[in-house]
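Observations on the three-dimensional arrangement
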Amino acid sequence: MGAYLLKRIGALIPTLLIMSVIVFLIVYLIPGDPARVMLGEGADEDSVRQLRQQMGLNEPLLRQYVDWALSALRGDMGDSYVLRKPVTQAILEYMRPTLSLAVAAEVFALAIALPLGLQAASRRGGWADRLLSAYSLLGMTVPGFLLSLFLVLLFSVKLHWLPVSGYAPLSTGLGNFLKYLILPAVSVGVLMSALIARMVRASVLEVRNQDYVRTARAKGVRETRILYRHMLRNALIPILTVVGGTFGTLVAGAAIVETIFNIPGMGQLLVSSVSHRDYAVVQGIVLVIAGMYVLVNLAVDLLYAAVDPRVKIRG
Amino acid sequence: MKSYRSRIGLTLGALLLAFASGCSDGPDTTGASSSAEAKASSPAAAVSTDTQTQGTQIKYPLSQSLPTLDPHLSLGGSNATVVLNIYEGLFAFNENYEPVPMLAESFDVSEDGRTYTFKLRQGVKFHNGKEMKAEDVAASLNRWKDTAPRAKSSFGEASFKEDGDYTVVLELKDPKNDIQAQLSHVLNFAAIMPKETIDSALPDGVTEYIGTGPFKFVEWKNDQYVHLAKFDDYRPVSSEASGFSGKKEALVQDVYFTLATDNATRFSSFLAGDFDAVDINSDTLPQVENDPNITLIKDLSSDFNLVFNKKSELFSNVKYRQAVTAALDADQILLAVTSTPDLYRLNPSYMYKENAQWYSEAGSEAYNQKDPDKAKKLLEEAGYAGQTVRLLTTKETGNFYNATLMLQSQLEQIGVKTQIDIYDYATMLTKRGEEGSWDLYLGPFLVPSTPSQLLYLNPTYGFADDAELAKLLQNATSAIGEDKIKQANDELQAYEWEYLAAAKIGDTYKYTAIRSDLKGLTLLGGFPNLANTSVNP
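Heads up: these notes are all about the structure in this document. Just so we're clear, the structure is a prediction, and the values are computed from it rather than from any experiment. (Residues numbered from 1 in each chain as written. Chains lettered and ligands numbered in written order. Predicted model: local features only at pLDDT ≥ 70, side-chain atom pairs only at ≥ 80, totals over all residues. Heavy atoms only, no water.)

Quick look at the overall build of chain A
Basically, it comes down to this: Numbering of helices and strands starts at the N terminus; helices are DSSP runs of H or I of at least 4 residues and strands are runs of E of at least 2. For every residue, the accessible area obtained with a 1.4 Å probe (protein chains only) is divided by the maximum for its type, and the residue is called buried under 20%, exposed over 50%, and partly exposed between those limits. Contacts: residue pairs with any heavy atoms within 4.5 Å of one another. Surface accessibility in these figures is a Shrake-Rupley result with a 1.4 Å probe; residues are shielded only by whichever protein chains are displayed.
Along chain A, the regular secondary structure elements total 15 helices and two strands. In chain A, which comprises 315 residues, the proportion classed as buried is 51%. Relative to all contacts within chain A whose residues are 6 or more apart in sequence, the contacts with residues 24 or more apart total 71%. Of the roughly 14,400 Å² that chain A leaves accessible, carbon and sulfur atoms contribute 67%.

Written as C-alpha cells, this is what we have:
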C-alpha cells in the first residue's frame, strides 16, 4: 500500500515536468507583456524596456525556465508581481475557496443524485425515473452560467434570502460560510448531480438482477436494505469514477462560476493572472491543478479497493 | 483485511481533511489591515456581516481588476476610481476641467513661463500623521514626471526643487502654460506621498499607500476589494466643492471598492443592495430608469478617436488617412458604442466643450464627413490596390469591438479590404506598440484636459513623427496670454485635422445608477468623488 502510494505520487513528477514545460512555453510565447500592462496606455519603449529588465524578463527563455524549475523543485514557485507575495502562499490562500466550493457542490450533487438515482433504478418507469429523466435533461442542457443568473435573480434580488456574490470563510461562522456557498454550489452541482444520478441509475440497474440480489430477496431481506447495502455497494465503482471526474473538473474549471459569484478562488486568480501576464502565478496554478487532478484520481483508485474487496492494490 | 481497509480509510481521511482545511480561510490580505471585518475573505461578506456600520459605509463596485494602487501609474478605470479618493495633488480639476489649487495654497508663474513657484498649504497631514512638506512634494512630483508617460514629454529634464518647508519650485527649459492641468490630471495622477514612500518604491510601484485625501487606505485584498476609512485629521480647503476640487469631507466611516468583473453580477448586486452605485448600459437602463429609489447620474466618460498607425505601409501616407476620415460616419460608430443617442454627442474638437481653454473647432470641416465618394477618390489618388487593412481591437474592456465592427462596415463600403485582429487587452497593448502589427485602432480616451495629454500626438502611441505637429504642440502649450494660447491652439487643432494622427469620432456619456439614499456623490470623467457623499441608514 505504502509502495503503491509512493509509486503513484512518484508518477506525478514526469506529469508535472511535462506540464511545466508546456505551460512555461505557452505563457511566454503568447504576446502581451507584463511590463507594458503595468505601465499602461502610452508607455514609452524606454520605460517598458527598463521595467522588463528589472523584472528579469529579458533573460533567455531557457535560463528563465531552468531558474524557475530549480526553484519550484525547492517549493519556491517565484513571486507574483501583482500580489507581491510568494506564488506558493498565494495559491494556498486562493485554493481554499475553490476547494470549499468543490466540496460543497459535490455534497449537493451526491445528496440529490444518490436518492434520486436509486429510487429511479428501484422502480424503473416510475415517478422517480421520470423525474430523473427530466432533471438530468435540464441539468445537462441548461448552461451553468444561465442557471447561476436565474438563481441569483430569484434568491438574491427578488427574495433577498442569499447574497448575490462573495465568499466568507468558515472562520466567520458556519451559517455565513454556507450562505455564500449555496448558490454557486447549486449552480455547478446541478450538472454534476444530473451526471451522477444517471450513472447511479444505470449501475444499479445493471446489478439488480444479479444472483446475490435474488438470494437476498429470497432470504426476506428488506428492499431498502437490498438497495443500499447490496446493490449500491456493488454499483459504486463506476459511480466513484464519475464523482472523481466531476470533482477534478470542478477544481480545474472553476473560473466561470468564481467570476460570476465573485469568489476569490484559483479560477479567478488564474484569469486575472493571465490578464496581467503574471507568469509565475499562471505556471504555479496550472501545476497545482494538474497535481490535484492526479491526487483525486489516486483517491478514487484507493476508494475502489475500499468498496470492493476484489480490487487489490499492490505496490 | 480489516487493517488493510483501515489504512485505506486513514489515507482517504487524510485527503479529505486536506480538502476540508480549504474551508477554513481565504486569500490573505495585501497591505495593512486593522478592521474586524477584514477577517472575511469576501468584500461582500466583510460588508454585509457587519450590521453595526450600516449607513456609515459606501459600497462601490470596480469593473476591472487592479494591477496596482500606485497613483503615478494610475492607468484609468478601477485604479483611478480608488486612488482619487486616497490621494490629492497640488491641483485638482473642477467640474469644467479647470485646475484649482488643492494642496497648493497659491502659485506663481514667472513672466517667461519657465519658472513655477508653488506655495504649499501648511498643516496638511498625511495618513501616517506626518505633516506634508516641500521635500515630500518634490520627491513625489519628480518620481511622477519620470514615471508617468503623460508627464515625461512635457517636463524633460526639469525637476521640482524644495525651497524651504512650504515652497516648491519648478524651472522649465521651455515655457509651459498647462502645468497646473497636468498636475490635476486624474490618470497617471500626480499624487503627493511622503518622501519615505517614494524612496522605498519598487520599479513596479510604491509599497505603501499613504496620501492626504479624506479617506485613508486600510486594506487591499487582491482581486476582491479595497477598504478605505475616514481620515479623521483631514484638513479641507474652504472653497466650494466642484469635481475633485474644493471642500471635501468624509461623511461615511468606511468605503469598500469591490471587484465585480461580471456585468450581470455587478448589476444584480446593486439590485440586491450589495452596492450603492453601479454603471448602467442600454440593457440595464430600462430596469432602473423608472425606479423611484434609484437616481441616474449621466456624465462624460470618454472621447472616441480613430488612431492611425503612421508607420504602417498604407497609413504612413496621409492620403490614406484622409480617405478613411472622409468615409467616417460618427453617429453610426457612436451608436454602436452606446446603443442610444442619449449617451453620445458629436464633437469636432479633440477637447471637451466644457474645457473652455482648449476647446477649438478649427479644422472641423474634416470631421464626420460621411462622404464615401470623396473617400474613394482619395484612395484612388493614394494608389490603393486592395491591400488588407488591419483593425486592432479587444473584446475585454469598453466597447472597442462594437465600434470597430461599425468602422469595418464603413471601410468596406468604400472598397477597403479589412481584417479585424481581436486580442486580449494585454496582447493588444503589445501589438499596438509594434509598428508592423496594425493599421487602425479605434478606442476611448479618458479625460482629455490639455493638448499635451493627447497620447496620439506623441510618437509612443501610433508613431506620430512630424516636426510641424511637434512645433505646433509646443507653441500651444508654451504660449503666454489668453489670446496667444487661443491662436496657437486653433493652429494646432487645424493641423491635427490635416495631419490626422487620429480622427476624432465623438464623446460618450455614461450612466451611473445610485441609490436615492446616497447623497452628494459627484463624478468626473466617470470617476467618483466619494468625499461629501453620505448614506442615509
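Notes on the environment of phenylalanine 215 of chain B
Position of phenylalanine 215 of chain B relative to the elements: it lies in strand 8 (residues 215-221). Those residues in contact with phenylalanine 215 of chain B that sit more than four places away from it in its chain are Asn85, Ile86, His127, Leu228, Ala229, Lys230, Phe231, Ala250, Val252, Val255, Leu530 and Ala531 of chain B.

Quick notes on unusual backbone geometry
Residue and element names in this part refer to chain A. Residues other than glycine seldom take positive phi values, yet asparagine 262 does so here, at roughly 55°. Here asparagine 262 lies in the loop between helix 13 (255-260) and helix 14 (266-275). Residue asparagine 262 is classed as buried on the basis of its relative accessible area of 5%. In this structure, arginine 277 takes a positive phi of about 55° despite not being glycine. Here arginine 277 shows up in the loop between helix 14 and helix 15 (279-307). Accessibility expressed as a relative area gives 3% for arginine 277, which makes it buried.

Quick word on the side chain of threonine 325 of chain B
Residue and element names in this part refer to chain B. Along the chain, threonine 325 turns up in helix 10 (residues 318-327). Residue threonine 325 is classed as buried on the basis of its relative accessible area of 3%. Residues contacting threonine 325, with those up to four places away along its chain left out, are Phe308, Ala366, Gln369, Trp497, Leu500 and Ala503.

Some details on the environment of alanine 92 of chain B
Residues and elements named next belong to chain B. As for its placement among the helices and strands, alanine 92 is situated in strand 2 (residues 91-93). Since its relative accessible area comes to 9%, alanine 92 is described here as buried. Put simply, alanine 92 and alanine 190 are 98 residues apart on the chain and 9.8 Å apart in space, counted from C-alpha to C-alpha.

Taken by themselves, the reported measurements are silent on function.
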